[in-house]
Amino acid sequence: MIAILSGGTGTPKLIQGIKNIHSPSDLNIIVNTVENDYFSGVYVAADIDTVLYTLADIINDETWYGIKGDTFFTNESLEKLDCPELLRIGDQDRATKIQKTILMEKYGLSKAVDIQRKKMGIESKVIPMSDEHSEIIVKTDIGHLKFHEFLIKHQTKPKVFGIEYTDINPSSNIIETIENSEMVIIGPSNPITSILPIVNLEGVEKALKNSYVVAVSPIIGDNPVSGPAGKFMGSMGYEVSSFGVASIYKSFLDKFVIDVVDTKLKNNIENIIEEVLVTNTNMKTISDKEELARILLE
Ligand code: GDP
């Protein structure tokens, strides 16, 4: 069994590669939930849906959000009714979110996602990090913003001073999932808002320390490949580099994969992480993704 810790962009790219070269039924994907919230009356678990759509081969892999080729009739109708959506939701994607909202009320998030993944014919397990709701706030120079306000309304432009999210409990089987895995892969996801919320759940860091953990850096050179990870890392006092990511993960990481662009950082990182591997981590094509997956699984 392999456990994968995931957010909603970098790690799903890697999952596209892993699932092509490894048995999908052997994968347990633990997904971040702190960014989940209600929008337009439905529960949006964006990272979970991205992972589901990736595994079902229907992800819009240009935006890493929503379903490829989706239509937006409901969104456009809402605009005409002077009810614009902060988060633009496609029609088929909205159906997934409505289904999840209904199932959740009855069964809770983990079971709802499990029903959905089976319906989509997905063999891998998709495990929400928690069944509880968390509020995530970005502290900025224009005040405390809800995560999606910062991301969408303000386009990640405000200066960031810190990130805060409420403490929640892990979902029932994630510690056991980590402990029973031969290997845990931390994909190239945002360390501050995608991975640390999982690591900070009670018992997870201890379970990781007792497991074989490999991570891929989401930072290449001085910048993330996409998104606000650099801004968030800087606001928490970490250097925006693969070295900075290594210092966040150093207490439990066995092997760290960095990009060829960062070859010069290898020696420094080896002072804090047992093994450092240098390869191409910029996943532009499916063969880039499969090649990185192969290197991780070797
Ligand atoms: P989010 O939930 O949408 O924030 O997505 P994630 O946390 O899963 O991923 C965001 C991170 O993925 C960013 O920090 C990016 O730098 C990183 N990322 C995206 N594409 C790539 C890639 O091809 N290679 C690497 N190394 N990192 C990537």
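Predicted model, so just to flag it, every value in this text is computed and none were measured.

### Side note on the overall build of the chain
Thinking step 1. When you go through the chain residue by residue, the secondary structure sums to 13 helices and 14 strands.
Thinking step 2. Its C-alpha atoms give the chain a radius of gyration of 18 Å, near enough to 19 Å, the size a compact globule of 298 residues would have.
Thinking step 3. If you line up the chain on its principal axes, its C-alpha atoms span 60 × 45 × 35 Å.
Thinking step 4. A burial count over the chain gives 54% of its 298 residues as buried.
Thinking step 5. Partitioning the intrachain contacts of the chain with sequence separation of at least 6 by distance along the chain shows that 65% fall at a separation of at least 24.
Thinking step 6. In the chain, which carries 29 positive and 42 negative side-chain charges, the distance between the mean positions of the two groups comes to 2 Å.

### Side note on the layout of surface pockets
A water-sized probe rolled over the atoms picks out the places where empty space is left.
Thinking step 1. By volume, the largest pocket is sized at about 1,200 Å³.
Thinking step 2. Lining the largest pocket are 49 residues, with G8, T9, T63, W64 and L151 sitting closest to its centre.
Thinking step 3. Contributions of two or more residues to the lining of the largest pocket are made by helix 1 (10-21), helix 2 (46-55), helix 6 (147-153), helix 8 (191-199) and helix 10 (229-235).
Thinking step 4. The biggest single contributor to the lining of the largest pocket is helix 6, with four residues.

### Here's the deal with the packing of helix 1 against helix 2
Thinking step 1. Contact geometry for helix 1 and helix 2: axes closest at 10 Å, N-to-C directions at 25°. Classified by the interaxial angle, the pair formed by helix 1 and helix 2 is roughly parallel. In this structure, helix 1 meets helix 2 at a crossing whose hand is right-handed. In this structure, helix 1 contributes P12, I15, Q16 and K19 to the contact, and helix 2 contributes T50, V51, T54 and L55.
Thinking step 2. Counted by class, the contact of helix 1 with helix 2 contains four nonpolar, three polar and one charged residues.

### Remarks on the site of the ligand
Thinking step 1. Around the ligand, the structure places 22 residues, and the nearest of them are T9, S189, S194, V225 and T281.
Thinking step 2. Taking D47, its side chain carries an N or O atom lying 3.3 Å from an oxygen atom of the ligand.
Thinking step 3. Between the ligand and M283, the relevant distance is 2.9 Å, taken from an oxygen atom to a main-chain nitrogen or oxygen of the residue.
Thinking step 4. More than half of the atoms of the ligand fall within 2 Å of the grid points belonging to the largest pocket.
Thinking step 5. Looking at the shell around the ligand residue by residue, the classes come out as seven nonpolar, 12 polar and three charged.

### Details of the UniProt feature "binding site: 7,8-didemethyl-8-hydroxy-5-deazariboflavin" (unreviewed entry) in the chain
Thinking step 1. Sequence positions flagged by UniProt for "binding site: 7,8-didemethyl-8-hydroxy-5-deazariboflavin" (unreviewed entry) are, in local numbering, D49 and R88. Annotated residues spanning 40 residues; largest pairwise C-alpha distance 14.4 Å, indicating a single compact cluster. Cross-referencing the annotated residues with the largest pocket identifies R88 as lining it.
Thinking step 2. Relative to the assigned elements, D49 resides in helix 2.
Thinking step 3. A relative accessible area of 1% means that D49 is categorised as buried.
Thinking step 4. Excluding residues that lie within four positions of it along the chain, D49 makes contacts with D93, T96, K97 and K100.
Thinking step 5. Locating R88 in the fold gives a position in the loop between helix 3 (73-80) and helix 4 (91-107).

### Here we look at the side chain of S181
Thinking step 1. Here S181 shows up in the loop between helix 7 (174-179) and strand 9 (183-186).
Thinking step 2. The exposure class assigned to S181 is buried, which follows from its relative accessible area of 10%.
Thinking step 3. Here T177 takes part through its backbone oxygen, which lies 2.6 Å from a polar atom of the side chain of S181.
Thinking step 4. Those residues within four positions of S181 in sequence are excluded, and the remaining contacts are M1, I2 and A3.

### Some words on the packing of aromatic side chains
Thinking step 1. Under the counting rule described, the total for this entry stands at four aromatic pairs.
Thinking step 2. On the numbers, 5.2 Å between centres and 65° between planes, the contact of Y38 with Y43 is edge-to-face.
Thinking step 3. For the pair F150 and F232, a centre-to-centre distance of 5.6 Å together with 35° between the ring planes defines the contact as tilted. With F150 in helix 6 and F232 in helix 10, this residue pair connects regions lying 82 residues apart in the sequence. As far as burial versus exposure is concerned, F150 and F232 are alike and both buried.
Thinking step 4. Through successive ring pairs, a cluster of aromatic residues spans F147, F150 and F232.
Thinking step 5. Positioned above the aromatic ring of F72 is the side chain of R88, whose terminal nitrogen or guanidinium carbon lies 3.9 Å from the ring centre.
Thinking step 6. Of note, K111 hangs over the ring of Y107, and the distance from its end group to the ring centre comes to 5.5 Å.

The rules we used
Residues numbered from 1 in each chain as written. Predicted model: local features only at pLDDT ≥ 70, side-chain atom pairs only at ≥ 80, totals over all residues. Heavy atoms only, no water. Helix = DSSP H or I, 4+ residues; strand = E, 2+ residues; numbered from the N terminus. Rg over C-alpha atoms; globule rule 2.2 N^0.38 Å. Buried < 20%, exposed > 50% of the residue type's maximum accessible area, 1.4 Å probe, protein only. Contact = heavy atoms within 4.5 Å. Lys, Arg positive; Asp, Glu negative; His and termini not counted. Charge placed at Lys NZ, Arg CZ, Asp CG, Glu CD. 1 Å grid on protein atoms, 1.4 Å probe; cavity = no way out; pocket = protein on both sides within 12 Å on 5 of 7 lines; lining within 4 Å. Points joined across faces, edges and corners; volume = space filled by probe spheres on them. Axes fitted to C-alpha atoms, helices over the stretch in contact; angles between N-to-C directions. Parallel < 35°, antiparallel > 145°, perpendicular 65-115°, else oblique. Left-handed = near helix turned anticlockwise from the far one by under 90°. Nonpolar A, V, L, I, M, F, W, Y, C, P; charged D, E, K, R; others polar. Near = heavy atom within 4 Å. Polar contact = N/O pair within 3.5 Å; in protein donor to acceptor, adjacent residues only side chain to side chain. Sits in = over half its atoms within 2 Å of the grid points. UniProt positions renumbered as here; feature names shortened; annotations may be inferred. Phe/Tyr/Trp six-rings, centres within 6.5 Å; stacked < 30°, edge-to-face > 60°. Lys NZ or Arg CZ within 6 Å of the ring centre and 35° of its normal.

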